[in-house]
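# Inside the fold
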Amino acid sequence: MGQPEARHQGWSAVLLLKLLRGLRYKRLMEPVRPPVPRPADAVEDGARTVHVILVEDDDAAASLIVAEINSAGLEIDVGRATNEAELRALLQAPGIDALVCDHGVPGLDALRALAVRSECGVTAPLIVVSGGLSDERAAECMRLGAADYVRKDQLGRLPHALVRALAQARSESAARESEGDYRRLFENVPLAVFRDSVGGRILQANAAAVAMFGFEHLDGLLASSMLDLHVDSSDRANLLTRLEAEGNVLGFECLMRRADGSEFWVSRAVQASRGDD
């Protein structure tokens with residue numbers, strides 16, 4: 001009497017296993033969708049108008065593109081150019097956030113628009129829109145600096161592409177600002193700060209380090225080697241051994257040499273950084 005029940009339980013287990021495998025297969029086959037950027041990620045804190053230049057010579061197409069741009073969830077101001085002279089005039093205005101360019105505009109295709117943008121010193125992202133751009137041409141546009149490419153029969157992608165390009169531009173701007181802050185701090189701190197490789201090559205140094213080692217210019221220090229600036233080579237060997245074991249070393253005292261050959265004592269705080277040769 002127990003055998004049919006056991007057989008049914010076995011069938012149930014087999015069916016459950018097949019079901020789970022089917023679900024797993026389905027999940028593996030489903031494309032991974034990239035996260036859709038939020039409109040808030042595309043602009044600075046606080047509501048403000050996003051200024052977009054549209055390069056399009058066809059009125060009907062321009063109306064469709066503007067309608068899609070306005071659906072991005074942002075406060076949009078669109079300026080339209082139908083030729084190069086109008087584009088150059090619009091690029092003179094401050095605060096341009098993005099360009100949307102129809103590749104089919106006579107005398108002002110996307111490649112020319114990218115060149116004009118560069119000549120005007122504008123770094124705002126440019127999105128190419130076209131009805132029949134070849135993959136090779138689209139790849140060339142991307143290689144020369146276009147942020148994205150949207151087909152005219154897929155204009156529903158345009159709001160997503162615009163928000164993503166604006167968010168990326170904002171992120172890159174913040175990174176440049178952060179790099180500038182670091183550079184100013186590095187250059188102006190009154191303590192000697194420098195980076196050198198395991199092999200002794202000096203990679204970077206601030207003005208205080210140049211003065212400490214007695215060089216007149218940064219180039220002179222960068223052309224020297226930490227192997228030559230240590231009076232006792234065993235000090236550097238001991239420092240590298242400790243860095244390998246501990247990751248950072250504080251208060252490491254050693255005798256070092258200036259450019260004129262004079263010697264001086266230093267107390268170093270050193271941190272290992274992976275990636276330096």
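Report on the accompanying structure. Values in this document were obtained by computation on a predicted structure and should not be read as measured data. Residues take numbers from 1 onward in each chain, read along the sequence in its written order. Only residues with pLDDT of at least 70 are given local features in this predicted model, and only at 80 or more are side-chain atom pairs given and counted; all residues enter the totals for whole chains, interfaces and linings. In computing side-chain properties, one takes all heavy atoms of the structure into account and sets aside hydrogens as well as water.

## Focus: the sheet that holds strand β2 (residues 76-81)
Counted only if it meets this: If DSSP finds at least two bridges between two strands, the strands pair. Segments assigned H or I by DSSP are reported as helices when at least four residues long, segments assigned E as strands when at least two residues long, and all are numbered from the N terminus. Orientation is described by axes fitted as lines to C-alpha atoms, over the contacting stretch for helices, and by angles from 0 to 180 degrees between their N-to-C directions.
Strands sit in the order β2-β1-β3-β4-β5 across an open sheet of five strands; the sheet is parallel. The sheet is open, and its two edges are formed by β2 and β5 (148-151), each paired on a single side. The mean inter-strand angle of the sheet, taken between neighbouring strand axes irrespective of direction, is 20°. Sheet analysis places strand β3 (residues 98-102) next to strand β4 (residues 126-130), joined by four bridges and oriented parallel.

## Considerations on the packing of helix α5 (residues 110-119) against helix α6 (residues 135-143)
A pair of packed helices can be characterised by two numbers: the angle between their axes and the separation between those axes. As a reminder, the rule being used: Angle categories: roughly parallel below 35 degrees, roughly antiparallel above 145, roughly perpendicular from 65 to 115, and oblique for all the rest. Contact between two residues is taken to exist if any of their heavy atoms lie within 4.5 Å; hydrogens are not considered. Amino acids are sorted into nonpolar (Ala, Val, Leu, Ile, Met, Phe, Trp, Tyr, Cys and Pro), charged (Asp, Glu, Lys and Arg) and polar (every other residue, Gly among them).
Look at α5 against α6: their axes get within 10 Å of each other, and the N-to-C directions meet at 5°. Relative to α6, the element α5 is oriented roughly parallel. Of the residues in α6, those touching α5 at A110, L111 and L114 are R137, E140 and C141. Class assignment of the residues belonging to the contact of α5 with α6 gives a composition of four nonpolar, no polar and two charged.

## Some points on the layout of surface pockets
Inclusion rule: Cavities and pockets were defined on a 1 Å grid built from protein atoms only: a cavity is a group of points that admits a 1.4 Å probe but offers it no way out, a pocket is an open group of points flanked by protein on both sides within 12 Å along at least five of seven lines, and a lining residue is one with an atom within 4 Å of any such point. Grid points are joined across faces, edges and corners, and a volume is the space filled by probe spheres set on the points.
Taken as a whole, the largest pocket holds about 990 Å³ of empty space. Surrounding the largest pocket, 31 residues form its lining, F194, A269, V270, Q271 and A272 being those nearest its centre. Those elements giving two or more residues to the lining of the largest pocket turn out to be α7 (158-188), β6 (194-196), α11 (233-246), β8 (248-257) and β9 (263-271). Partitioned by chemical class, the residues of the lining of the largest pocket number 19 nonpolar, five polar and seven charged.

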